[in-house]
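So you can see what is in the structure, the chains are spelled out below.
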Amino acid sequence: MKHALLRILASIIPLLSVGFFAMSAKAATVSIQAPAEVVVGQTFQVRYTVLDAKAIDTVRLIGQYTPALLSLSTMSPSGQLDSKSPSTAFNQANGTFSYGAFTIAGAMDGSVGAGAFTFKALEKGVATIQLNSGSLVLSSGENQLAGLASAQIRIVDPKATEEVRVQPSSTSSTLVVKSSSHPNQNAWYRDSEVTLQW
């Protein structure tokens, strides 16, 4: 009796472990790295990265963006998935995209760069970029994607340039320093790169 029970358990355990690994195969997510805030007229990049990848070789990102606020100009490979699918396309009128990238260098694990999209901010508002169902993260044809990502970008009007006047000494002329990136000398800014003109 003991031996029969052990044989039954021995035959079930491999099946359970195969089922467990099949369920855990869908563990990859796609991260969207986008700036929190941009100004009207600014061109910027949004990067897509696959996280927790296990032997992936292909992605298909299907999504949408707010076409009244954003204009998509390019979709390029970035990182390890270095080849773009010929079926990659976007439609500015309805704000949709279908982007494919792959590699022939071998399967990738961990954090894998999938693509970089270049957008231009058209008008003031809050724009959304999101992935839709139909997006895929493939490992030998098996989808690993466990969830869909989105990002919001606040688009603001360009700030007026504020002038800072330096008091002249008796031998110098007046120096006027302006900053388009940090126009208000009394305000704090997230961006640590300062653009100055004088």
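Data block above holds the structure.
A brief structural summary. (Residues numbered from 1 in each chain as written. Predicted model: local features only at pLDDT ≥ 70, side-chain atom pairs only at ≥ 80, totals over all residues. Heavy atoms only, no water.)

**Concerning the side chain of R60**
Position of R60 relative to the elements: it lies in strand β4 (residues 58-65). Polar side-chain contacts of R60 include one of 2.6 Å to the side chain of S87. Side-chain polar atoms of R60 contact the side chain of S98, separated by 3.0 Å. Apart from residues no more than four positions distant in its own chain, R60 is found in contact with S85, S87, T88, S98, Y99, G100, G134, S135 and L136. (Helix = DSSP H or I, 4+ residues; strand = E, 2+ residues; numbered from the N terminus. Polar contact = N/O pair within 3.5 Å; in protein donor to acceptor, adjacent residues only side chain to side chain. Contact = heavy atoms within 4.5 Å.)

**Quick look at the nonpolar core**
One finds Y48, V50, F97, F119 and I129 to be the most contacted residues of the largest nonpolar core, which totals 36 residues. Setting aside residues up to four positions removed in sequence, F119 forms contacts with Q42, T43, F44, V46, Y65, L70, S71, L72 and I129. (Core = buried A, V, L, I, M, F, W, Y, C linked by side-chain atoms within 4.5 Å. Buried < 20%, exposed > 50% of the residue type's maximum accessible area, 1.4 Å probe, protein only.)

**A look at unusual backbone geometry**
Positive phi, normally seen in glycine, also occurs at D52, with a value near 60°. Relative to the assigned elements, D52 resides in strand β3 (residues 43-56). One non-glycine residue, S140, lies in the positive phi region at around 50°. Its place among the elements puts S140 in the loop between β11 (136-139) and β12 (142-143). Judged by relative accessible area, which is 66%, S140 ranks as exposed.

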